[in-house]
Amino acid sequence: MRDRSGRLVAVAAAAATISLSVLVSTATPAAAAGESHPFPTHVTYKTGVMPSASAADRDAAVKKQYDSWKKTYLRAACGGYLIYATGDAPNKGTVSEAQGYGMNIVPLMAGYDANAKAEFDGLWKVVQTHRDSQGMMEWKIDGSSCKYADSGTPDGATDGDLDVGYGLILADKQWGGYTAAAKDWLAKFYAANVASDGHLKCEDDGPTNDTRPSDFMLDHLRAFAAYDTAHDWNKVVTRTEAVINEFTAAYSPNAGLLSDFVVNANTTSPKPAPANYQEDQPDNIVGYNSVRVPWHMGTDALVYGGSVAKAIATKESNSYKAKAGGNPAKIYPHTKLDGTPTNTGDQCECANDPVGVAAMAAGDQAWTDSLWNFLATNPYGDTYYGETIKLLVYIVMAGDYWTPAS
């Protein structure tokens, strides 16, 4: 069982409608270094609005956040590089979620970061040398001994393994040379983490009747479908969208929210998991896992125009805005499925920032601008989790999130 609640409680305490074509600006210096999509790669999204800030100001904000993030969390260790997952692993270690985030961020920042390819290769090296029996990354690694840092047999976590696969595709499109590694990883992922009906399992050694909505990275799945035709990724997309629609119709028709864990995912009647299903926080409402859903739904709507994702992103954006009175600071990590905040003494920017992407997809200019401005702050003293999600949200909101399927 993966229990991130202890770390996260500590962390919390401390305009344009477009096509998928990619428009490259200031490409000449970076192109010489071998990048196909050097940062900033300005993308015209399929739907929604952009923050009112200028493109130059948005790019500058991403660079500032990246510089801070890299200095604090990218660490040479274990024969390569790891992302220091504060509070999640011993001795400045990492978890697969963090490693996957890093393998997405670094290729997207190539061109600005001259060392991006070497850093990516170092991140991938740590993944390669820490695989479980099914070929996925061991989910928690000690940063000193470089050994598996949990009890029992090493296993993987679906979210990190999804991001590792996506990172390999990004790297292949950015620099070339990763095709075999990417397709091998996706084949192993499909065998380990996709249930027979097409829904995503929570972990590679887990049951086949549950799922975790924070893993519903529809943009990743669509990119996999375009890249890896040997496996039926469209089946995974279709089933994931069906679970979203079936669940929200029954439990959150107005707010469009999904609980941290879902059971009966292999039926047409998925439902919230029991409150203590996997973690010490309530698993039957929105918590530190599903705070990421607005970001994932908004991203799919923006880059692919996904209709299910756009509908959910719009409902979630509207619900959070209404319950917060338009104040981003009043978005909380724990939210009932009707949108009502609970445990308002607990805050984390990981809950506020993802709503910005949903607001963009919803086409709400004023709410988008408020959330964009909130990104520049860290009022809760967040560390790895909140600051890494912030960076990924910044990249999307700045218009620099190119898709490898474009």
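Before any of the text, the structure's been laid out above.
Let us look at the structure shown here. On a predicted model such as this, the values are computed, not experimentally measured, just so you know.

## Observations concerning the overall build of the protein chain
Right, so step 1: Along the backbone of the protein chain there are 15 helices and nine strands.
Right, so step 2: Radius of gyration (C-alpha) of the protein chain: 19 Å, near the 22 Å computed for a compact globule of 406 residues.
Right, so step 3: Considering only C-alpha atoms, the protein chain reaches an extent of 50 × 50 × 45 Å along its principal axes.
Right, so step 4: Scored against the burial criterion, the 406 residues of the protein chain give a buried share of 62%.
Right, so step 5: In the protein chain, 33 side chains carry a positive charge and 46 a negative one; their mean positions are 2 Å apart.

## Focus: unusual backbone geometry
Right, so step 1: Cis geometry is adopted by the peptide bond preceding P40, which originates at F39 and carries an omega value of 0 degrees.
Right, so step 2: Along the chain, P40 turns up in the loop between α2 (28–32) and β2 (41–43).
Right, so step 3: Phi at C78 takes a positive value of approximately 55 degrees, unusual for a residue other than glycine.

## Considerations on the packing of aromatic side chains
Right, so step 1: Under the counting rule described, the total for this entry stands at 15 aromatic pairs.
Right, so step 2: Measuring from centroid to centroid gives 6.0 Å for F261 and Y277, while their planes differ by 55 degrees, and the two rings are tilted. Placement of F261 in the loop between α9 (233–251) and β8 (262–263) and of Y277 in the loop between β9 (271–272) and α10 (293–304) is noted, with a sequence separation of 16 residues between them.
Right, so step 3: A relative accessible area of 2% places F261 in the buried class.

## A few points about the sheet that holds β8
Right, so step 1: Here we have three strands laid out as an open sheet, ordered β7-β8-β9, and antiparallel in their pairing. The open sheet has two free edges, formed respectively by β7 (210–211) and β9, since each of these has just one partner strand.
Right, so step 2: Strand direction decides the pairing type here: β7 and β8, joined by two bridges, are antiparallel. Paired with T211 across the two strands is V262, which belongs to β8.

## Points about the state of the cysteines
Right, so step 1: For the structure shown, the criterion picks out two disulfides.
Right, so step 2: A sulfur-sulfur distance of 2.1 Å marks the disulfide that ties C78 to C146. Its torsion about the S-S bond being -90 degrees, the disulfide of C78 and C146 is classed as left-handed. Of this pair, C78 sits in the loop between β3 (74–77) and β4 (80–83) while C146 is found in the loop between β6 (140–141) and α6 (158–174), placing the two residues 68 residues apart along the sequence.
Right, so step 3: The exposure class of C78 is buried, given its relative accessible area of 17%.
Right, so step 4: For C202, which is in no disulfide, the shortest distance to another cysteine sulfur is to C350 and amounts to 19 Å.
Right, so step 5: Exposure remark for C202: the relative accessible area of 3% places this residue in the buried category.

## Quick notes on the pattern of salt bridges
Right, so step 1: According to the stated counting rule, one finds 15 salt bridges in the structure shown.
Right, so step 2: The salt bridge partner of K70 is D113, with a shortest N-O separation of 3.0 Å. Taken as a pair, K70 in helix α3 (residues 55–73) and D113 in the loop between α4 (96–109) and α5 (116–128) lie far apart in primary sequence, 43 residues in all.
Right, so step 3: Residue K70 is classed as partly exposed on the basis of its relative accessible area of 23%.
Right, so step 4: Across the salt bridge formed by R222 and E241, the nearest N and O atoms sit 2.9 Å from each other. Taken together, the residues R222 in helix α8 (residues 218–227) and E241 in helix α9 connect sequence positions 19 residues apart.

## Here we look at the packing of helix α13 (residues 355–362) against helix α15 (residues 384–397)
Right, so step 1: Direction vectors running N to C along α13 and α15 enclose 20 degrees, while the axes themselves pass 9 Å from each other. Classed by the angle they form, the pair α13 and α15 counts as roughly parallel. Handedness of the α13/α15 crossing: left-handed. Between α13 and α15, the residues in contact are G356, V357 and M360 and V393, V396 and M397, respectively.

## Thoughts on the environment of Y394
Right, so step 1: Tracing the backbone through its elements, the reader meets Y394 in helix α15.
Right, so step 2: For Y394, the residues in contact, after removing those within four places along its chain, are A61, V62, Q65, W372, L375 and A376.

Calculation notes
- Residues numbered from 1 in each chain as written.
- Predicted model: local features only at pLDDT ≥ 70, side-chain atom pairs only at ≥ 80, totals over all residues.
- Heavy atoms only, no water.
- Helix = DSSP H or I, 4+ residues; strand = E, 2+ residues; numbered from the N terminus.
- Rg over C-alpha atoms; globule rule 2.2 N^0.38 Å.
- Buried < 20%, exposed > 50% of the residue type's maximum accessible area, 1.4 Å probe, protein only.
- Lys, Arg positive; Asp, Glu negative; His and termini not counted.
- Charge placed at Lys NZ, Arg CZ, Asp CG, Glu CD.
- Phe/Tyr/Trp six-rings, centres within 6.5 Å; stacked < 30°, edge-to-face > 60°.
- Pairing = 2+ DSSP bridges.
- Disulfide = S-S within 2.5 Å.
- Salt bridge = Lys/Arg side-chain N within 4 Å of Asp/Glu carboxyl O.
- Axes fitted to C-alpha atoms, helices over the stretch in contact; angles between N-to-C directions.
- Parallel < 35°, antiparallel > 145°, perpendicular 65-115°, else oblique.
- Left-handed = near helix turned anticlockwise from the far one by under 90°.
- Contact = heavy atoms within 4.5 Å.

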